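The lines below spell out each chain.
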2 protein chains.
Amino acid sequence: MSLQFQIEATRGAGRAGKLWTPHGAVETPVFMPVGTLASVKGISQDLLEELGVNILLGNTYHLYLRPGVEQVRKLGGLHGFMAWKRAILTDSGGFQVFSLNELRKITEEGVTFRSHLDGSAHFFSPESAMEAQIGLGADIIMAFDECTEYPADATRLRESMELTLRWAERSKRHFEAHKHEVPWKSAPGVEAESTQSLFGIVQGGMDAALRKESAERTIEIGFPGYAIGGLSVGEPRHLTQEIVEATIAHLPADKPRYLMGVGTPEEIATFSRMGIDMMDCVLPTRAARHGLLFTSEGKISIKQARYAGDEGPLDPRCGCKVCRRYSRAYLRHLYAANEVLAQVLNTTHNLYHYLDTMRAVRHSIALG
Amino acid sequence: MSLQFQIEATRGAGRAGKLWTPHGAVETPVFMPVGTLASVKGISQDLLEELGVNILLGNTYHLYLRPGVEQVRKLGGLHGFMAWKRAILTDSGGFQVFSLNELRKITEEGVTFRSHLDGSAHFFSPESAMEAQIGLGADIIMAFDECTEYPADATRLRESMELTLRWAERSKRHFEAHKHEVPWKSAPGVEAESTQSLFGIVQGGMDAALRKESAERTIEIGFPGYAIGGLSVGEPRHLTQEIVEATIAHLPADKPRYLMGVGTPEEIATFSRMGIDMMDCVLPTRAARHGLLFTSEGKISIKQARYAGDEGPLDPRCGCKVCRRYSRAYLRHLYAANEVLAQVLNTTHNLYHYLDTMRAVRHSIALG
């Protein structure tokens, strides 16, 4: 099997389950750390394993530019390239290209954009985005969608949603025709007939009725899992929750639900209890680089002078390697002195905090 | 005991032995990684332990500026501050201040210098350098010396050597009067009566006769270990070897000999076989940051395009975590994409290579 999903316990709307991929099982709800360029910034794959990361995310747009899809494909896809035997998910590049703003032009056929690195011109279509993601070889790949901007009026929302639906069909058609070209076809430890799985993405902006329609018509096309896209694009947080709730109501209970690009530790716990199974966000890794650390007592900005003499651990209730060994004073010094170890240790802690939050949520759901 | 040194085997001039410090034993000859600001750049203390690092070096000048000696002292010295239970050695700050060139002025009393960070004025004397090093609390600390520039004429060499000898006496006098102020006096796991040990430094430039005189007069002052300073200052490599050989001839056989700031993997092996017991150098860590990697077949510049598709390990004969897991292609990608993991993995490999080189040298000496 390429993908299997089983719900093992529920509590209210929340579900605790397991997702079997060609590269191992993942307990859900799960938070997926972001490894944009085939690396979770500053963290070795050894350490990711030690942290209990069973699935991580790669960004197609970035990998397409560097080192290039063909390069990665020849080295066995992302799994071979980055020496990671556990599961991987790639986005379609749609959101990244959408974020380029002035550098892109959208037509029915696809998106013309300029590289943020050197300004060179490129083109992504549903077909080429599938081709790229097949070359990268993640276990789970995403349909090419248009992420609608916020705010957007009714006409724009409908047009954008309809485009995403047409692109979803084209994504699926191309994927079905080429999914057996996955680069790890004959890799050791991977079942012979297994391949990638393509998830559909529900759009529809902040309009609950459109979300319902988008969900129903995406399900009609048919995917082994469904993502909720187009959120965390600048809308107020209560709206994010309303739209997630409105969308979940129309998603099949037996398929994994992936909320893209969300959120804070509180949010990932909240959305898990609402019935979301998968999430990703750059927040724990990006915040770590800015000295922002998530703890059981809230967010800490480790750069502050008041921590300069603080002998205590970052978070006395945290069991991570950083909290068990180093003082706030040392972490503050590393950050202030611009030492690379600051990023390594801060990211280690933040990822542990996120993964631990998810462990606690799974546990509480499993207790029923 | 604060320091004990025992030679366990010899082969020609080379010695394999053991150095007992208040923070554990160190097998010699040993290479000490440099942790300038209380961190070996990019490498966690966990990973240093895993690599087999039993002693590392801190830079007094840098730590004096950031986070400041008093800050470190209050947190239990460097051991407490950086959560490192194994041995530490600090330099005296002399070499670092010497490197400031235009920013410093040397008198009999000491050195006035300006911080490279903010231009603020500071003063180091033998007494204040001892005070700083006692506050930092390394197991082994160094006398405050003047590192003579290269080239230097006979008059300058003698004057500089005489100044270093007078400063050595002052360093020792101040150290003896204050060595019981060490910040880990009552730390768990440290023997009650143990304290720091002060090493003397032999100078004398590239003049073998002056080196002999400097060695004899430094020994007369009396230290539990002797360093050879003033090398690797721009002289040709054959001269370094000649001067090391000429100096070793006048050092006591039963005391550890520390060659400061040297060198390449080939050099640390060569100097070990000549009878050097301790070495430090920024080369493995600094080169790693520039993508220069030491292998069993010589130096590799991983940034080169020819490694972009290279599936092989960095060094097939290396047993480190990096060579066992990642391809040259991946390491090249990380470097080209400016990923922080490049520095982490490159440094891990280079340090392993240095430590492994020393293990091989010790083994070959032990075989007699």
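Residues numbered from 1 in each chain as written. Chains lettered and ligands numbered in written order. Predicted model: local features only at pLDDT ≥ 70, side-chain atom pairs only at ≥ 80, totals over all residues.

Colleague: I tried to follow the overall build of chain A on my own but got confused; where do I start?
Modeller: Counting its secondary structure elements, chain A contains 14 helices and 16 strands. Its C-alpha atoms give chain A a radius of gyration of 20 Å, within 12% of the compact-globule value 21 Å for 368 residues. By principal-axis analysis of the C-alpha atoms, chain A measures approximately 60 × 45 × 45 Å. Here chain A holds 368 residues, and 54% of them are scored as buried. (Helix = DSSP H or I, 4+ residues; strand = E, 2+ residues; numbered from the N terminus. Rg over C-alpha atoms; globule rule 2.2 N^0.38 Å. Buried ≥ 20, exposed ≤ 12 C-beta atoms within 10 Å, placed from the backbone.)

Colleague: So what exactly am I meant to see when it comes to the domain arrangement of chain A here?
Modeller: Accessible area lost when the parts come together is the quantity often used to give the size of an interface. Residues and elements named next belong to chain A. Each domain of chain A was delimited in the assignment, giving domain 1 (4-186 + 195-281) and domain 2 (285-368). Summarising the inter-unit geometry, the C-alpha centres of domain 1 and domain 2 are found 27 Å apart. Counting from both sides, the interface comprises 25 residues of domain 1 and, opposite them, 19 residues of domain 2. Of the residues contributing to the side of domain 1 that touches domain 2, the split by class is 15 nonpolar, five polar and five charged. (Domains from an automatic or database assignment. Contact = placed C-beta atoms within 7 Å. Nonpolar A, V, L, I, M, F, W, Y, C, P; charged D, E, K, R; others polar.)

Colleague: So what exactly am I meant to see when it comes to the environment of Tyr226 of chain B here?
Modeller: Residue and element names in this part refer to chain B. With respect to the helices and strands, Tyr226 occurs in strand β12 (residues 226-228). In this structure Tyr226 comes out as buried when scored by C-beta crowding, with 24 C-beta atoms within 10 Å. Placed 27 residues apart in sequence, Tyr226 and Phe199 show a C-alpha to C-alpha distance of 5.4 Å. Contacts of Tyr226, omitting those with residues within four sequence positions, involve Phe199, Gly200, Val202, Thr218, Leu251, Lys255 and Arg257.

Colleague: Is there a simple way to think about the relation of the copies chain B and chain A in this case?
Modeller: Each copy of the chain is related to the other by a rotation around an axis and a translation along that axis. Of the transformation superimposing chain B on chain A, the axial component is 0.0 Å and the angular component is 180 degrees, with the fit at an RMSD of 0.0 Å. Interpreted geometrically, this transformation is the action of a two-fold axis. Closest approach to the rotation axis among the C-alpha atoms of chain B is made by Val340 of chain B, whose C-alpha sits 3.9 Å away. When the interface residues of chain B are mapped onto chain A, 100% of them are again interface residues, pointing to one common binding face. (Least-squares fit on C-alpha atoms with pLDDT ≥ 70 in both.)

Colleague: For this particular structure, what's the right way to read the interface of chain B and chain A?
Modeller: Across the boundary between the two partners, chain B contributes 35 residues, which contact 35 residues of chain A. Of all the secondary structure elements, the ones that give two or more residues to the side of chain B that touches chain A are α1 (45-51), α3 (69-74), α12 (321-325), α13 (328-336) and α14 (340-366) of chain B. Grouping the amino acids of the side of chain B that touches chain A by side-chain chemistry returns 18 nonpolar, nine polar and eight charged.

Colleague: Is there a simple way to think about the pairing of strand β1 (residues 4-11) of chain B in this case?
Modeller: For a regular strand, side-chain orientation follows a simple rule: the groups alternate between the two sheet faces. Residues and elements named next belong to chain B. In terms of strand pairing, β1 meets strand β2 (residues 14-21) through seven bridges, oriented antiparallel. By the bridge assignment for β2, Arg11 is matched with Gly14. Counted between consecutive antiparallel strands, the loop separating β1 from β2 contains two residues, among which Gly12 sits at a positive phi close to 60 degrees. (Pairing = 2+ DSSP bridges.)

Colleague: Whenever I open this one, unusual backbone geometry confuses me. Can you help?
Modeller: Negative phi characterises most residues that are not glycine, and trans characterises most peptide bonds. In this structure, Gly263 of chain A follows Val262 of chain A across a cis peptide bond, with omega equal to 15 degrees. Residues Tyr150 of chain B and Pro151 of chain B are joined by a peptide bond in cis, for which omega reads -5 degrees. Looking at where Pro151 of chain B falls in the secondary structure, it is placed in the loop between β10 (140-142) and α7 (154-178). If you check the backbone angles, Ala38 of chain B has positive phi at about 65 degrees while not being a glycine. Backbone geometry at Asn338 of chain B places phi at a positive 60 degrees, although glycine is not the residue there. Within the secondary structure, Asn338 of chain B sits in the loop between α13 and α14. Classification of Asn338 of chain B by C-beta neighbours within 10 Å gives exposed; the count is 10.

Colleague: Sorry if this is basic, but what is going on with the packing of helix α8 (residues 208-221) of chain A against helix α9 (residues 237-248) of chain A here?
Modeller: Residue and element names in this part refer to chain A. Here α8 crosses α9 at 40 degrees, and the two axes come no closer than 9 Å. Once α8 is placed against α9, the crossing between them reads as right-handed. Counting all contacts with α8, which are made through Ala208, Arg211, Lys212 and Ala215, the residues of α9 involved are Ile243, Ala246 and Thr247. Looking at the contact of α8 with α9 residue by residue, the class counts come to four nonpolar, one polar and two charged. (Axes fitted to C-alpha atoms, helices over the stretch in contact; angles between N-to-C directions. Left-handed = near helix turned anticlockwise from the far one by under 90°.)

Colleague: Just checking my understanding: could you explain the sheet that holds strand β7 (residues 104-106) of chain B for this structure?
Modeller: Note on sheets: strands pair through backbone hydrogen bonds, and any given pair is parallel or antiparallel. All names here are of chain B. Spatially, three strands are ordered β7-β8-β9 in an open sheet, and the strand pairing comes out antiparallel. Lying at the two open borders of the sheet, with one neighbouring strand each, are β7 and β9 (121-124). Averaged over neighbouring strand pairs, the angle between their axes works out to 15 degrees when direction is ignored. With four bridges connecting them, strand β8 (residues 111-114) and β9 associate as antiparallel partners. If you follow Phe113 over to β9, its bridge partner there is His122.

Colleague: Help me understand the nonpolar core in this model?
Modeller: The nonpolar side chains of soluble globular proteins are, as a tendency, buried together. Phe199 and Met279 of chain A together with Phe199 and Met279 of chain B are the most contacted members of the largest nonpolar core, which has 222 residues in total. Beyond its immediate stretch of four places on either side in the chain, Met279 of chain A contacts Phe31, Met32, Leu259, Val262, Ile268 and Phe271 of chain A. (Core = buried A, V, L, I, M, F, W, Y, C linked by C-beta atoms within 7 Å.)

Colleague: Could you clarify how one ought to interpret the sheet that holds strand β9 (residues 121-124) of chain A in this entry?
Modeller: Residue and element names in this part refer to chain A. The three strands are arranged β7-β8-β9 in an open sheet whose pairing can be described as antiparallel. Each having just a single partner strand, β7 (104-106) and β9 make up the two edges of the open sheet. Pairwise comparison of adjacent strand axes, ignoring direction, gives a mean angle of 15 degrees for this sheet. The pairing of β7 with strand β8 (residues 111-114) spans three bridges and is classified as antiparallel. Opposite Ile106, over in β8, you have Val111 as the bridge partner.

Colleague: I keep staring at the environment of Ala269 of chain A and nothing clicks. Help me out?
Modeller: Residues and elements named next belong to chain A. Within the secondary structure layout, Ala269 lies in helix α10 (residues 265-273). Ala269 sits in the partly exposed class, given 19 other C-beta atoms within 10 Å. With 112 residues separating them in the primary sequence, Ala269 and Leu157 have C-alpha atoms 29 Å apart. In this view, Ala269 contacts Thr357 and Val361; residues no more than four positions away in its chain are not counted.

Colleague: Is there a simple way to explain α14 of chain B in this structure?
Modeller: The periodicity of an α-helix, 3.6 residues per turn, causes residues three or four places apart in sequence to face the same way. Residue and element names in this part refer to chain B. For α14, which comprises 27 residues, the first-to-last C-alpha distance of 39 Å matches the rise-based estimate of 39 Å (1.5 Å per residue) to within 8%. Counting buried positions along α14 gives 20 out of 27 residues, so the element sits mostly inside the fold. Of the residues trailing α14, Gly368 is marked for its positive phi of about 80 degrees. (Expected span 1.5 Å × (residues − 1).)

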